[in-house]
Amino acid sequence: RFGEDGFGGSDIYRSRLVKGVAWPPVNLGKEINGKGNETHPALRMAGFHLLFNSDRDGNEEVYEMNADGSGQTRLTDNPSLDSYGSYSPFQCRILFYSKRDGDSEIYAMDLDGSRPARVTQHPALDYAPRWSPDGKRVAFSSTRDGNPEIYVMDASGRNVKRLTRNDVGDWV
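Please read these numbers as outputs of a predicted model, since none were measured by experiment.

Rules of the game
- Residues numbered from 1 in each chain as written.
- Predicted model: local features only at pLDDT ≥ 70, side-chain atom pairs only at ≥ 80, totals over all residues.
- Heavy atoms only, no water.
- Helix = DSSP H or I, 4+ residues; strand = E, 2+ residues; numbered from the N terminus.
- Buried < 20%, exposed > 50% of the residue type's maximum accessible area, 1.4 Å probe, protein only.
- Contact = heavy atoms within 4.5 Å.
- Areas by Shrake-Rupley, 256 points an atom, 1.4 Å probe, with all protein chains shown as cover.
- Pairing = 2+ DSSP bridges.

Peer 1: Can you help me understand the overall build of the protein in this one?
Peer 2: Across its full length, the protein holds zero helices and 16 strands. Taking all 172 residues of the protein together, the buried fraction comes to 46%. Taking all contacts inside the protein whose residues are at least 6 apart in sequence as the whole, residues at least 24 apart take part in 26%. Of the roughly 9300 Å² of accessible surface on the protein, 53% is carried by carbon and sulfur atoms.

Peer 1: Where do I start with the pairing of strand β11 (residues 105–110) in this structure?
Peer 2: In the case of a regular strand, side chains alternate between the two sheet surfaces. A large share of β11 lies buried, amounting to six of its six residues. Here β11 shows two buried faces, one formed by Glu 105, Tyr 107 and Met 109 and the other by Ile 106, Ala 108 and Asp 110. Alignment of strand β10 (residues 93–98) against β11, held across six bridges, turns out to be antiparallel. Each residue of the ladder has a partner; that of Tyr 97, found in β11, is Ile 106. Turn length for the β10-β11 hairpin, with the two strands adjacent in sequence and antiparallel, is six residues, and the turn residue Gly 102 shows positive phi of about 90°. When β11 meets strand β12 (residues 117–118), the two strands line up antiparallel, connected through two bridges.

Peer 1: Even after reading the chapter, I still don't get the side chain of Ser 86, so can you show me in this structure?
Peer 2: Positionally, Ser 86 belongs in strand β9 (residues 82–87). Every residue in contact with Ser 86, bar those within four places of it in the chain, is listed here: Leu 51, Arg 93, Ile 94, Leu 95, Pro 129, Arg 130 and Trp 131.

Without other data, these values stay purely geometric and don't point to any function.
In structure tokens:
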């Protein structure tokens, strides 16, 4: 979100939901929101951790931190873009998309950023992966048919199926 109280480009905000009423958003502060862009937060259900993207080191990478902004750790370190981190429902893997092999593909890595492995392999743009609640499937956006559409696949990258068919883009 951009705002008057921002610390750089795009900042990450937190809001509370109490009895169905959302409180005003509060900027997490300069501890997380640096001079770059901090975007695409994803909450870890157990442990109060948050994935987010930042270009603070020159290109976009996936970071993790505690919910209070402490303990920030860069999980990816590649000269190409790494973005859109998503925790698995069982808190054991992270999906993200990367251009590290020259094409925009979906990857999975361990929670500490180790063992990145390509999940998709297609010449189109595959991005914005999100786990299904049971961890068996992955929804993602792709331009495989010319414009952004929503697809689903097994967590292994097999059995890809297109879910939407629109002349304008659809995104996860």
